[in-house]
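# Observations on the three-dimensional arrangement
Residues per chain, in single letters:
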Protein chains: 2
Amino acid sequence: MTRLDRTPERQLLVRRLASATILDEAEREALISLPMLVRDFADGQDLVRGGDRPQHCCVLLSGFACRYLLLADGRRQIAAFHPPGDIPDLQSLHLQVMDHSVGAMMPTVAGFIQHEHVHRITSQHPRLIHAFWRETLIDAAIFRAWMVGLGRRTAHERIAHLICEMLLRFDAVGLAENRTFRLPVTQNDIADALGLSNVHVNRVLQDLRRDELISWQRPDVAILDWDRLRDLAMFDPAYLHMRSLPGAGAAEPGEEH
Amino acid sequence: MTRLDRTPERQLLVRRLASATILDEAEREALISLPMLVRDFADGQDLVRGGDRPQHCCVLLSGFACRYLLLADGRRQIAAFHPPGDIPDLQSLHLQVMDHSVGAMMPTVAGFIQHEHVHRITSQHPRLIHAFWRETLIDAAIFRAWMVGLGRRTAHERIAHLICEMLLRFDAVGLAENRTFRLPVTQNDIADALGLSNVHVNRVLQDLRRDELISWQRPDVAILDWDRLRDLAMFDPAYLHMRSLPGAGAAEPGEEH
DNA sequence: CGTTCCATTGAGACCCATCAATCTGTGTGG
DNA sequence: CCACACAGATTGATGGGTCTCAATGGAACG
């Protein structure tokens, strides 16, 4: 648990923040050096629980996590998926009580950073406070985009849209290649994210595969026809507020959007 | 447009922020004195448009607004309702391009504050940056709560939940009394907020009235049986992250939650 | 090789959408 | 003060997208 171990994984955090905000060398260095306690989580284990009053934020170093809410009778809504590099509970900096849980969807490594260390780094590097704030705002923008899906898109459009979004987000941290990425979620998880039943997700996925829009051999998702998938989803990446549009892992450079 | 006009309306902003964050006298004074350009909007008019790159934030001084997203074919999703006192586009501080629009749902007065003035006040009163950040985080928490509704609640539960939430939010700025408040929205708007059709909203509202849970004579909503409505909605106000639980306008003091 | 998790398939039902009238209240102009 | 327009609420009929229940299949794992 020394401060500088896991440097490669820590770079994902920098890469992630830099995809949304310009960072100078001192800021990158400060981020890399953040003291963090590294912990492993098994598939299905919670990193943070609703009702908790965390004193730290967690950075995903590897693996995959989601944020979810439960109703009393067990109905579950997944509110967000988080590839490595994300800080799923950054909000706990200013909201004392967690109103949802963060769960690992595969074996996952997370770094826990005391809130006081975040406050220290933002007072030493004032622009970082805006970078972190901005992260939470992008978070909210993605919630809004998901709300449109939940409220107004058909099942086919929802699933297509989710796949488009995940490609860009994996690509932003260098975890997509050839429009292919590892999405370690079950059809049941997709259902809980998109407000559908697992049975219906299964049937829609079959449609998308039959139409050769995607292939999905767990956990590898490949987008076979980006243009048609994007059109079906009516996908407009503006809500992700990325500084630059996707590189080789997503769309070819120079492609129209 | 002098700086100190509309003081009563400006107090709503302070009241709103203070419902979530403790403010001292200097901070309140600084908020009240924020230079703002006051503008009137007609019912249906947009305060901010998706695609805009605003240089200011807007405070609702009176009226009612919503944030909405449109799909290419006209489908609309309302992502948030905003009673007076709210700053619906606070995110524009750090996200350059609006990914949605803000529209007035009745004749509305809004105060526009240049971003630079917000930055100035937060550097003079550093705790205010946390208050504003916190506002955007609560915003996101409400999005998550709506996502649960859109994805996993029945139509009856969604509508009941929305009414519970609006009562508490109106009450927080002193605009509810006797569990009654003015909600100037059409059934069509409710439908677009909750992912339903206007016809179905109409039928569900009839059920809720028949069961004497609420009365709704536009624009006045009265909650007739808080306990049953809360139970139907499975409403837990934790996600609103209010400092104190509702006063006389909402639940009686001392009532269990 | 039983267990377990997950994907798949079929049948039937239902919630809710869609379409299309009709009704009601409000405001407007003559 | 009436005729008219208009927005929004209401009602009925019909259909479809999606859910639920239930069973089967396949792959990984100890």
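Residues numbered from 1 in each chain as written. Chains lettered and ligands numbered in written order. Predicted model: local features only at pLDDT ≥ 70, side-chain atom pairs only at ≥ 80, totals over all residues. Heavy atoms only, no water.

An unreviewed UniProt entry lists chain A under the name Crp/Fnr family transcriptional regulator, from Muricoccus vinaceus.

### Focus on the interface of chain A and chain B
At the junction of the two partners, chain A supplies 44 residues and chain B supplies 44 residues. Buried surface at the junction of chain A and chain B, both sides included, amounts to about 4200 Å², of which 70% is carbon and sulfur. It is Trp 133, Arg 144 and Arg 152 of chain A that lose the most area in chain A upon contact with chain B, and together they represent 21% of the buried surface on that side. Along the contact surface separating chain A from chain B lie 6 salt bridges. In this assembly, chain A and chain B are joined by 26 residue pairs in polar contact (both at pLDDT 80 or more). Among the secondary structure elements, those contributing two or more residues to the side of chain A that touches chain B are β4 (65–70), β5 (76–82), α4 (126–152) and α6 (187–194) of chain A. With 18 residues, α4 of chain A is the largest single contributor of residues to the side of chain A that touches chain B. Among the residues making up the side of chain A that touches chain B, the classes are represented as 24 nonpolar, 10 polar and 10 charged. (Contact = heavy atoms within 4.5 Å. Buried area = accessible area lost by both parts, 1.4 Å probe. Salt bridge = Lys/Arg side-chain N within 4 Å of Asp/Glu carboxyl O. Polar contact = N/O pair within 3.5 Å; in protein donor to acceptor, adjacent residues only side chain to side chain. Helix = DSSP H or I, 4+ residues; strand = E, 2+ residues; numbered from the N terminus. Nonpolar A, V, L, I, M, F, W, Y, C, P; charged D, E, K, R; others polar.)

### Some details on the relation of the copies chain A and chain B
Relative to chain B, chain A is turned by 180° and slid 0.0 Å along the rotation axis, the superposed coordinates differing by an RMSD of 0.0 Å. The relationship between the two copies is best expressed as a two-fold rotation axis. Within chain A, Ala 140 of chain A has its C-alpha nearest the rotation axis, a separation of 2.5 Å. Comparing interface residues between copies, 100% of those in chain A also lie at the interface in chain B; the contact surface is shared. (Least-squares fit on C-alpha atoms with pLDDT ≥ 70 in both.)

### Quick notes on the pattern of salt bridges
Residues and elements named next belong to chain A. Under the definition given, this model contains 37 salt bridges over all chains. Where Asp 225 meets Arg 228, a salt bridge forms, and the shortest distance between an N and an O atom there is 3.1 Å. On the basis of relative accessibility, which here comes to 23%, the residue Asp 225 falls in the partly exposed class. Classification of Arg 228 as partly exposed rests on a relative accessible area of 41%. (Buried < 20%, exposed > 50% of the residue type's maximum accessible area, 1.4 Å probe, protein only.)

### Section: the protein's contact with DNA strand D
Neighbouring residues of DNA strand D: 15 residues in total, closest Ser 197 of chain A together with Gln 187, Asn 202, Arg 203 and Gln 206 of chain B. Close to the protein, within 4 Å, the atoms of DNA strand D belong to sugar or phosphate groups at a rate of 67%. Within the backbone of Ala 155 of chain A, a nitrogen or oxygen atom sits 3.1 Å from a phosphate oxygen of DNA strand D. Within the side chain of Arg 203 of chain B, one N or O atom sits 2.3 Å away from a base nitrogen of DNA strand D. Looking at the surface near DNA strand D, the elements that each hand over two or more residues are α7 (198–210) of chain A together with α7 (198–210) of chain B. The dominant element in the surface near DNA strand D, judged by the number of residues it contributes, is α7 of chain B, at 5 residues. Broken down by class, the residue content of the surface near DNA strand D amounts to 4 nonpolar, 8 polar and 3 charged. (Near = heavy atom within 4 Å.)

### Structural notes on helix α6 (residues 187–194) of chain B
Burial of α6 of chain B is extensive: 6 of the 8 residues sit out of reach of the surface. For α6 of chain B, the full list of buried residues reads Asp 189, Ile 190, Ala 191, Asp 192, Ala 193 and Leu 194 of chain B. If you follow the buried residues of α6 of chain B, they end up packed against α4 of chain A together with β5 (76–82), α4 (126–152), α5 (155–172), α7 and β9 (214–217) of chain B. Among the residues trailing α6 of chain B, Gly 195 of chain B stands out with phi positive, at a value near 70°.

### Re the protein's contact with DNA strand C
Taken together, 15 residues lie around DNA strand C, and Gln 187, Asn 202, Arg 203 and Gln 206 of chain A together with Ser 197 of chain B are the ones closest in. Of all DNA strand C atoms lying within 4 Å of any protein atom, the proportion belonging to sugar or phosphate reaches 66%. Between a phosphate oxygen of DNA strand C and a side-chain N or O atom of Gln 206 of chain A, the distance comes to 2.4 Å. A distance of 3.2 Å is found between a phosphate oxygen of DNA strand C and a side-chain nitrogen or oxygen belonging to His 200 of chain B.

### Focus: the pairing of β5 of chain A
Here β5 of chain A lies mainly inside the structure; 7 of its 7 residues are buried. Two successive antiparallel strands, β4 of chain A and β5 of chain A, enclose a turn made up of 5 residues, where Gly 74 of chain A displays a positive phi of approximately 100°. (Pairing = 2+ DSSP bridges.)

### Here's the deal with helix α3 (residues 115–124) of chain A
Residue and element names in this part refer to chain A. Looking at α3, one finds that the buried residues are His 115, Val 118, Ile 121 and Thr 122. Along the axis of α3, the buried residues cluster in a sector spanning 125°; they form a single face. Of the residues in α3, the exposed ones pointing more than 90 degrees away from the buried face are Glu 116, Ser 123 and Gln 124. Contacts made by the buried residues of α3 are with α2 (25–32), β3 (56–62), β7 (108–114) and α4. (Arc of directions from axis to C-beta.)

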